Amino acid sequence: MKRFHFGILAVPFIIVVWMLAARHYPPIIFPGPWRTLLELKKQLASPDYYHHIGISLYRLFFGFAIAAVSAFVLGLLAGVSKAFRQFLTPMVTLFQATPPMAWAPLLILMLDLGNAPMIAVIVIAAFFPIVVNVIQGMERIKISHIRAAQTLGANRLQLAWHVYLPEVMPSAFTGIVVGFGIAWRSLVAAEMIGGSAGIGWLISSSGQIGNSPLVMVGIITIGILAMFFEFVLIYPLKKRFASWAPKA
């Protein structure tokens, strides 16, 4: 008999708690599930709703791609070059300690409103977790594995493919997962501060005009997209790259 998965109880539990909490506030301040569902139905028929989602996803994936590629390349270089690692480490330590959103007001002033400052926030948010994990993965490579591959006649390309990548990818994937989560949250926050479109802007502008059901729709949209990313993107990649992890 298949074991019961208690995860399916999470949704009804959240709805019950939501209903109970909504009873203590006027609907205009904190709408219940039913009012929110009606607003969601309305938004699903509106092109503007999908426009805001599309804008946010474009910013997210474009900025994250820049961050991931640059972090992976620089992390690999830092892993093979001690001098470059010594040069890069202080900058990574300094900027990693700064919350990505601290840069948002300055980036908006420098790059004006639009996609550019939002993408820049995403790059800053995602770059440092990835580069740190790639460097750590490179540092874990055993010199004996490299020597063994060289003894068998492996050239640089074969060494990179058969030794470096299998050793680095599990650590790099950890950085990608962490960086993606930080980037997603930072994007929504940046859009709320200085965006003119996107899910964050939709939530912020709806709150300013007192449309609390639409605020809840925006929050639910963020959660649904996060679950989509987890189960459709991250989980399959996790299974893929877990097989690359070196066996003890």
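Conventions used here
- Residues numbered from 1 in each chain as written.
- Predicted model: local features only at pLDDT ≥ 70, side-chain atom pairs only at ≥ 80, totals over all residues.
- Heavy atoms only, no water.
- Helix = DSSP H or I, 4+ residues; strand = E, 2+ residues; numbered from the N terminus.
- Buried < 20%, exposed > 50% of the residue type's maximum accessible area, 1.4 Å probe, protein only.
- Contact = heavy atoms within 4.5 Å.
- Areas by Shrake-Rupley, 256 points an atom, 1.4 Å probe, with all protein chains shown as cover.
- Lys, Arg positive; Asp, Glu negative; His and termini not counted.
- Charge placed at Lys NZ, Arg CZ, Asp CG, Glu CD.
- Axes fitted to C-alpha atoms, helices over the stretch in contact; angles between N-to-C directions.
- Parallel < 35°, antiparallel > 145°, perpendicular 65-115°, else oblique.
- Nonpolar A, V, L, I, M, F, W, Y, C, P; charged D, E, K, R; others polar.
- Patch = residues over 30% accessible without salt bridge, like charges linked within 9 Å, V, L, I, M, F, W, Y side chains within 5 Å.
- Salt bridge = Lys/Arg side-chain N within 4 Å of Asp/Glu carboxyl O.
- UniProt positions renumbered as here; feature names shortened; annotations may be inferred.
- Phe/Tyr/Trp six-rings, centres within 6.5 Å; stacked < 30°, edge-to-face > 60°.

Trainee: Requested: an account of the overall build of the protein chain, with residues and values cited.
Mentor: A count of helical and extended segments in the protein chain gives 10 helices and zero strands. Along the first, second and third principal axes, the C-alpha atoms of the protein chain reach 70 × 60 × 30 Å. For the protein chain, with 248 residues in total, the buried portion stands at 39%. A separation of at least 24 residues holds for 72% of the contacts in the protein chain among residues at least 6 apart in sequence. Of the accessible surface of the protein chain, which amounts to about 14,800 Å², a share of 71% is contributed by carbon and sulfur atoms. Computing the positive centroid from 18 side-chain charges and the negative centroid from 7, the protein chain places the two 13 Å apart.

Trainee: Pulling in residues and values, what's your account of the packing of helix α3 (residues 47–80) against helix α4 (residues 82–96)?
Mentor: For the pair α3 and α4, interaxial distance at closest approach is 5 Å and the crossing angle is 125°. When the axes of α3 and α4 are compared, the pair comes out oblique. In contact with Leu-74, Leu-77, Ala-78, Gly-79 and Val-80 of α3, α4 contributes Lys-82, Phe-84, Arg-85 and Leu-88. Of the residues contributing to the contact of α3 with α4, the split by class is six nonpolar, one polar and two charged.

Trainee: Please set out a nonpolar patch on the surface residue by residue, giving values where relevant.
Mentor: A surface patch of nonpolar side chains, about 580 Å² in accessible area, is lined by Phe-61, Met-227, Phe-228, Phe-231, Val-232 and Leu-233. Sort the elements by how many residues they give to the nonpolar patch and helix α10 (residues 212–242) lands first, with five residues. Residue placement: Phe-61 occurs in helix α3. Judged by relative accessible area, Phe-61 falls into the partly exposed class, the value being 37%.

Trainee: Explain the UniProt feature "transmembrane region" (unreviewed entry) in the protein chain residue by residue, including any values.
Mentor: Here the UniProt-annotated "transmembrane region" (unreviewed entry) positions come out as residues 57–80, 92–111, 117–138 and 214–237. Between the C-alpha atoms that bound residues 92–111 there is a distance of 23 Å. The span itself is 65% helix and 0% strand. The straight-line gap between the two end C-alpha atoms of residues 117–138 is 32 Å; of that span, 100% is helix and 0% is strand.

Trainee: With reference to specific residues and values, describe the packing of aromatic side chains.
Mentor: Taken as a whole, this structure holds 13 aromatic pairs when the rule is applied. Ring geometry for Phe-61 and Phe-180: centres 6.0 Å apart, planes at 45°, overall tilted. Of this pair, Phe-61 sits in helix α3 while Phe-180 sits in helix α8 (residues 156–194), and the two are 119 residues apart along the sequence.

Trainee: Could you give an account of helix α9 (residues 199–208), with specific residues and numbers?
Mentor: Most of α9 is tucked away: seven of the 10 residues are buried. Regarding α9, the residues found buried are Ile-199, Gly-200, Leu-202, Ile-203, Ser-204, Ser-205 and Ser-206. Looking one or two residues beyond α9, the residue adopting positive phi is Gly-210, at roughly 80°.

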